[in-house]
Every structure is written in structure tokens, then in C-alpha cells.
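# Structural overview
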Amino acid sequence: MPSSVVNVFVFSALFVCNFVHAGVHVHNVQPFDYRSNFNLDRNDIQIVKNKKENVQSPVNEQFPSAVLFGRTCGGTIISPTWILSAAHCTLFTPGRDVLAGTNNTENGTGLRHRIKRLVVHPRFSVGPYWLNANRFNIKQVGARWDFLLAELESPLPLDGKTMVAADLDDRARLPPGEQVGYAGFGADRHGGVMREDMHAMDLEILADEDCSDLLEYDGADMICTKGRAPRYDSACNGDSGSGLIRNGKVLGVASWVENDALECKNGARVVFSRVASARDWIKQVTKV
Ligand SMILES: *[C@@H]1O[C@H](CO)[C@@H](O)[C@H](O)[C@H]1NC(C)=O
Ligand SMILES: *[C@@H]1O[C@H](CO)[C@@H](O)[C@H](O)[C@H]1NC(C)=O
């Protein structure tokens, strides 16, 4: 079997989040397995857990704009009829519908709405780090302008609690250290399957300089982030397309992760497409 076929298989099976590959890729992080990486003892873990459980509402109510896009990506509701996701999500799966308003993809809760139109950012590109360049006739190296807009056949019945449209956060400058996060259904390890239950990841904004060592990073259309203590969350296969959220507003779209996608490990920096850089295009397409 030619290696390109193997690559395609691997990517489609895992997905798409991994779009980027050497240097880029979305990989994951074992979000809840911080013990192995950080050596916390049982008491520490218990404290962290209790604290979380006491102060936090269900993850889908913290991230009511988060949806499952197709079968292998996340997305963000930005209006009753428009979902924002990652362009690379269309490379391996057809994305025919979204599942909104739920924290579980398998138990019949939430609403599935069909997509009638997909609009990829006109400047979107990917390179041979992600894919076999010859097979896909891709000339450039790098994943840029990784934005996708999906128009739904019928409007979502937004309820203000589990299904909400996120406003766009188009601030051009984001202060390093600002606390942000995303929610999705991605795998908990490289090559794993999508998780049924929605999970949330705690991240913070990094300065562009803090990602300048990443081969394909460019602050013009990307936002650099890393996980916060104590878990040092990252991202994994299937988290692609998920919205980077602060105070209910969406400022980025999960695009790739540092390192190769052969591991999804805590602490790996996560790169999001920068909503501010595509603000005019989003408005032009969606009127939002
Ligand atoms: C799932 O979502 C429902 C509706 O928001 C909520 O009542 C429930 O507590 C959530 N379950 C979990 C495990 O967060
Ligand atoms: C669906 O899953 C969510 C999250 O695990 C849970 O809170 C909810 O009770 C489940 N609903 C049903 C109908 O099983």
C-alpha cells in the first residue's frame, strides 16, 4: 500500500484534527490524566476535583455554543443558522450536520441539524506536513486561514442555556495570560475515538513570541495558547474546529497542536485560527 494511502487512512480515522503534522497537528492531550505527567498525589487530585465540582456548572452550560460538527470535529454556534469551524475539517469527512445543545453525542439528547452550505475561507491552505502533497496537489507548506462557515438548513432553537450563539471576539491584541478555554468531544489519546461526553479544556493566551519556534506559526491568522495548571490541557484528534472561548465569546478555532500527532500530551501548545483576522469575511458571508 503506498504510504499516502496509509496517511489518509490514519488521518481520516483519527481525524482531522490532526491536520497538521510535523510541527503541527492537533493532537491531544490526555486532559484528565495529569497524574502521570505531573506526579500529583491522591490528595492533590482530590482537592482539584472537589474544587471543580463545587464551582462549575455542567460543561455544556459553560460552553453552550459548542457543537459536534460532522462526526470528527467541533464547532461554535455564531447565529441560529451559522456554525464556525475549521476548514481542515472538510478534508476528511463531509460534515453533513451538527449536533447542538448536548453534552453527550450518543444518548439521544441534543438536536441534529443538517448543513446546507459549507464556505471555506478563500485563503485556507494546508501543506505536505499534513497530507501527501502530491496526492492532494498541495503546493504550500503550512495550514493557514483555517476557517469554515457552515449554514444550517433550519435555525437552531437557541434557549439561552444549553444552546447559545457566541458573539465574536475580534480584539486584534489578546493579552498574554488571559484565561480562555474550549469544549469538545475529541479523543483522549492519539488514535483514540471521539468521546461521547463533552469535555472542557483550560487554556491561556500566549504571546506570539512564545510560539515563534513552531515552524508554521503566524500570529497574523493564528492565536497561540497553552494549558493552565494543574492539568496543562492541550488538544487531541477530534477537537479541531472547537471554538476558543472567553466570557462566552469566540476568539479562535482549534487548528493544530505542537509536535507530531503521534502523541497527545498535556503541556503541548495549541494553535487556534484567529477570529479577528477573518472578521470581515465572516460578516460578508453570514451577516453576523
Ligand atoms: C448534561 O447536560 C444537562 C443539560 O444541561 C445537565 O442537566 C447535566 O447535568 C449534564 N451532565 C453532565 C454530566 O454534565
Ligand atoms: C446524556 O448524557 C449526559 C452526559 O453524560 C447526562 O448528563 C444525561 O443525563 C444523559 N441523558 C440521558 C437521557 O441519558
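Here, the structure is the one placed above.
All of the points below concern the structure found in this document.

Cut-off values and rules
- Residues numbered from 1 in each chain as written.
- Chains lettered and ligands numbered in written order.
- Predicted model: local features only at pLDDT ≥ 70, side-chain atom pairs only at ≥ 80, totals over all residues.
- Heavy atoms only, no water.
- Helix = DSSP H or I, 4+ residues; strand = E, 2+ residues; numbered from the N terminus.
- Buried < 20%, exposed > 50% of the residue type's maximum accessible area, 1.4 Å probe, protein only.
- Contact = heavy atoms within 4.5 Å.
- Near = heavy atom within 4 Å.
- Polar contact = N/O pair within 3.5 Å; in protein donor to acceptor, adjacent residues only side chain to side chain.
- Areas by Shrake-Rupley, 256 points an atom, 1.4 Å probe, with all protein chains shown as cover.
- Nonpolar A, V, L, I, M, F, W, Y, C, P; charged D, E, K, R; others polar.
- Phe/Tyr/Trp six-rings, centres within 6.5 Å; stacked < 30°, edge-to-face > 60°.

## Some remarks on the side chain of Arg-274
- Counting through the fold element by element, Arg-274 comes out in strand 12 (residues 270-274).
- You can call Arg-274 buried: its relative accessible area is 9%.
- With residues up to four places along the chain from it excluded, the contact list for Arg-274 reads Phe-147, Ala-172, Leu-174, Asp-208, Tyr-217, Gly-219, Ala-220, Asp-221, Met-222, Ile-223 and Leu-251.

## What about the site of ligand 1?
- Every residue lining ligand 1 is accounted for by Pro-58, Asn-60, Glu-61, Asn-103 and Thr-162.
- Taking Asn-60, its side chain carries an N or O atom lying 3.1 Å from an oxygen atom of ligand 1.
- Contact between ligand 1 and Asn-103: an oxygen atom at 2.4 Å from a side-chain N or O atom of the residue.
- In isolation ligand 1 has 360 Å² of accessible area, and contact with the protein removes 42% of it.
- Looking at the shell around ligand 1 residue by residue, the class counts come to one nonpolar, three polar and one charged.

## Some points on the site of ligand 2
- The environment of ligand 2 is made up of Asn-103, Asn-104, Asn-107, Thr-109 and Asp-197.
- At 2.8 Å from an oxygen atom of ligand 2 is found a side-chain nitrogen or oxygen belonging to Asp-197.
- Counted by class, the shell around ligand 2 contains no nonpolar, four polar and one charged residues.

## Section: the packing of aromatic side chains
- Evaluated as defined, the whole model comprises two aromatic pairs.
- Between the aromatic rings of Phe-147 and Trp-281, the centroid separation amounts to 6.4 Å while the plane-to-plane angle is 50°, which identifies the pairing as tilted. Of this pair, Phe-147 sits in the loop between strand 5 (111-120) and strand 6 (148-152) while Trp-281 sits in helix 5 (residues 279-286), placing them 134 residues apart in sequence. Like Phe-147, the residue Trp-281 is buried in the burial classification.

Distances and angles like these do not, on their own, reveal function.
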